[in-house]
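# Summary of structural features
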Amino acid sequence: MIKSTALKALLALLLFAGFSAPAFALDLETARAQGLAGEVDNGLLAVPPGAGGEAQGIIATINNQRRAEYAKIAAQNNLSLDVVGSMMFEKIYTRLPAGTWVQVKGQWKKKAG
């Protein structure tokens, strides 16, 4: 029951993310494509190695939005923020194009094609 509810909540979050931040979608995609922002296995964004701070603003804004949504999902399903963040990373990862920076277990790498 909890797992089913959690998955439904995650799907709702994905839809929410797609509709709530359209102004950031292009900026985030551009930042990822230029190697200025990468996804971390905790469900948040970070600055990958060698990147400057140009994407710090968008990273902070999106991370704040994600944290708020993760907290709602965690509370509704009696899950930890870490579990929700990890589950969201798995969903996000599948949609990332090859070459996007990702950090898994503390190690940065580019997603393979």
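Conventions used here
- Residues numbered from 1 in each chain as written.
- Predicted model: local features only at pLDDT ≥ 70, side-chain atom pairs only at ≥ 80, totals over all residues.
- Heavy atoms only, no water.
- Helix = DSSP H or I, 4+ residues; strand = E, 2+ residues; numbered from the N terminus.
- Expected span 1.5 Å × (residues − 1).
- Buried < 20%, exposed > 50% of the residue type's maximum accessible area, 1.4 Å probe, protein only.
- Arc of directions from axis to C-beta.
- Pairing = 2+ DSSP bridges.
- pLDDT = per-residue confidence, 0-100.
- Contact = heavy atoms within 4.5 Å.

Its 22 residues give helix α3 (residues 56-77) an end-to-end C-alpha distance of 31 Å, which sits within 8% of 32 Å, the value for a rise of 1.5 Å per residue. Every buried residue of α3 is accounted for by I58, I59, I62, N63, R66, E69, Y70, I73, A74 and N77. Axial view of α3: buried residues confined to an arc of 140°, hence all on one face. Backbone geometry just downstream of α3 places N78 in the positive-phi region, at approximately 55°.

To continue, consider the sheet that holds strand β3 (residues 101-104). Hydrogen bonds along the backbone pair up the strands of a sheet, which may run parallel or antiparallel. Pairing in this open sheet of 4 strands is mixed, and the strands run β2-β1-β3-β4 from one edge to the other. Because the sheet does not close on itself, it has two edges, and the strands there are β2 (45-46) and β4 (107-110). Taken together, the 2 bridges between strand β1 (residues 38-40) and β3 define a ladder with parallel strand orientation. Within the sheet, the bridge partner assigned to V40 lies in β3 and is Q103.

With 4 bridges connecting them, β3 and β4 associate as antiparallel partners. Bridge assignment links V102 to a residue of β4, and that residue is K109. Hairpin remark: β3 followed by β4, antiparallel, with 2 residues in the connecting loop; positive phi at K105, about 50°.

Moving on to the confidence of the model for the protein. Averaged over all residues, the pLDDT of the protein is 86; the fraction at 70 or higher stands at 77%. In this model residues 18-26 is a low-confidence stretch, pLDDT under 50, and it forms 5 contacts with partners more than four residues away in sequence or in other chains.

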